Amino acid sequence: MAHEDGLLRELTTLRRGWGLEAERLRSRLGPLVSGWCEIHRTTSDRDARRVLREAISSAIAEFPADDRLAVNVALGIAPGTQHALLSDRIGVLADQLRVSERTARRRVDRSFARLAAEIEAGTRPGDGVPDPEEGWFVKRLKVLVRLDTAEPEVTEERLIVATRDALSRIAAQFTVPRTEDGDGERDVAADARHGVRISAGVREGQRHFRWLLDLPRPLSRGDSHTYSLVYRIRDGLPIRPSYVFVPLVTCESFEVRVRFDPRRPPRVVWRLDRVPPSVLADPPQPGEPLPLDGACEVAQAFAAPQLGYAHGLRWLPGQNIP
């Protein structure tokens, strides 16, 4: 019942203002509605709007005609109801139902309560084994890459949000990109700093690694949790002079900081933003140079990195300083 109440609050918020026609629609969605529609797998407001319309249409298919109309008008889905204010759409509904605006508003409230109950009934956990790759998205990712250590070290801290109930296990992946000289078998160790325990790890080819992570407690839909992992590349082989993040599920914000060895500072560092991953194997084409600070570091932030594209930093290695 608590989840149903949460869904109703999120749906009530969604119908305000422009409804589904609002700008930055994805940012207005609560975690329960997002999880129901798997909005975290969409790449734009246009996609999110389409997915929401289809999901809502399916959920209300068996509703009485007046209730279906109430939902579609309140959210601005019905033709001719794309108004900036919910009160204007309530007026349209009152005219179409030939009732007072007060009665039309009550009809909307009742219809949305039924919609929340319908969503809740259709999204309870099943009996199957949950996929650790699904059921959550990343609200914030912060990465520190250290090149001033004996072996390259990457620390990732993620704030995740559950999009289903009883989320108790998730997955983490790490890839060592291929270098110009080719690669042998890479050796990467993962260590949990806080927030999870590593229950299993598997090598997927020479450069790809995957770990299963057990959460300290099951999360319910809408719950958030922070955890941190450290990856160490232990094989002593060269690494590609870059760090990129290619989101496969929604990530609302991404920050990366690279700490260089002051004895081997890079010649130049530049930002990569929405770059097709295939381009990363091409010869480097430096962009606007980014200065190193007094700690020999460069940091960049990315708001809503786009699914399937690379975001991060790339550099040209420099010469050793005696």
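About the thresholds
- Residue positions are given per chain, counted from 1 along the sequence in the order it is written.
- Only residues with pLDDT of 70 or above have their local features reported here, since the model is predicted, and side-chain atom pairs are shown and tallied only from 80 upward, although totals for entire chains, interfaces and linings are computed over all residues.
- Excluded from the side-chain calculation are hydrogens and water; included are all heavy atoms of the structure.
- In this scheme Phe, Tyr and Trp rings, the latter by its six-membered ring, pair at centre separations within 6.5 Å, and the angle between planes marks the pair as stacked below 30 degrees, edge-to-face above 60, and tilted otherwise.
- Put simply, DSSP H or I for four residues or longer makes a helix, DSSP E for two residues or longer makes a strand, and each gets a number counted from the N terminus.
- Think of it in three bands: residues with accessible area under 20% of the maximum for their type are buried, residues over 50% are exposed, and the middle band is partly exposed, with areas taken using a 1.4 Å probe on protein chains only.
- Only the stretch in contact is used when fitting a helix axis, every axis being a line fitted to C-alpha atoms; angles between N-to-C directions are given from 0 to 180 degrees.
- Angles are sorted into four bins: roughly parallel if under 35 degrees, roughly antiparallel if over 145, roughly perpendicular if 65 to 115, and oblique for all others.
- Left-handed describes a crossing whose near helix is turned anticlockwise from the far helix by less than a right angle; the clockwise case is right-handed.
- We call two residues contacting when some pair of their heavy atoms lies within 4.5 Å.
- Residues were grouped as follows: Ala, Val, Leu, Ile, Met, Phe, Trp, Tyr, Cys and Pro as nonpolar; Asp, Glu, Lys and Arg as charged; and all remaining residues, including Gly, as polar.
- Strands are labelled as partners when DSSP assigns at least two bridges between them.

Peer 1: Hey, could you go over the packing of aromatic side chains for me, with residue numbers and the actual values?
Peer 2: Aromatic ring pairs are reported here in terms of the distance separating the ring centres and the angle at which the planes meet. For the coordinates displayed, the defined rule picks out six aromatic pairs. Note on Phe 254 and Phe 302: the rings are 5.4 Å apart at their centroids and 20° apart in plane angle, and the pair reads as stacked. Placement of Phe 254 in strand β9 (residues 253–259) and of Phe 302 in strand β11 (residues 297–303) is noted, with a sequence separation of 48 residues between them. Among the residues examined, Phe 254 registers a relative accessible area of 0% and is labelled buried. Classification of Phe 302 as buried rests on a relative accessible area of 3%. Ring centres of Phe 260 and Trp 315 lie 5.1 Å apart, and the angle between their planes is 90°; this geometry places the pair in the edge-to-face category. Of the two residues, Phe 260 sits in the loop between β9 and β10 (268–275) while Trp 315 sits in strand β12 (residues 310–316), which places them 55 residues apart along the sequence. The same class applies to Phe 260 as to Trp 315, namely buried.

Peer 1: Tell me about the packing of helix α5 (residues 65–74) against helix α6 (residues 86–97), and please be specific about residues and values.
Peer 2: In contact at an axis separation of 9 Å, α5 and α6 are set at 155° when each is read in the N-to-C sense. Taken together, the axis directions place α5 and α6 in an arrangement best described as roughly antiparallel. Note that α5 runs across α6; the crossing there is right-handed. Side by side, α5 and α6 meet where Asp 66, Leu 69, Ala 70, Val 73 and Ala 74 of the first sit next to Leu 86, Arg 89, Leu 93, Gln 96 and Leu 97 of the second. Along the lines of polarity and charge, the residues of the contact of α5 with α6 split into seven nonpolar, one polar and two charged.

Peer 1: Give a description of the sheet that holds β11 that names residues and reports values.
Peer 2: In spatial order, the strands read β4-β7-β2-β1-β9-β11; together these six strands make up an open sheet with mixed pairing. The outermost strands of the open sheet, each flanked by one partner alone, are β4 (188–194) and β11. Recorded for the sheet is a direction-independent mean angle of 20° between the axes of neighbouring strands. Bridging between strand β2 (residues 153–162) and strand β7 (residues 224–233) involves nine bridges; their strand directions are antiparallel. Residue pairing across strands places Val 154 opposite Tyr 231, the latter belonging to β7.

Peer 1: A description of the sheet that holds β10 should follow, citing residues and the corresponding values.
Peer 2: The strand order across the open sheet formed by three strands is β8-β12-β10, and the pairing between neighbours is antiparallel. In this open sheet, the two strands that pair with only one neighbour each are β8 (242–245) and β10. Geometrically, the sheet is characterised by an average inter-axis angle of 15° between neighbouring strands, direction not taken into account.

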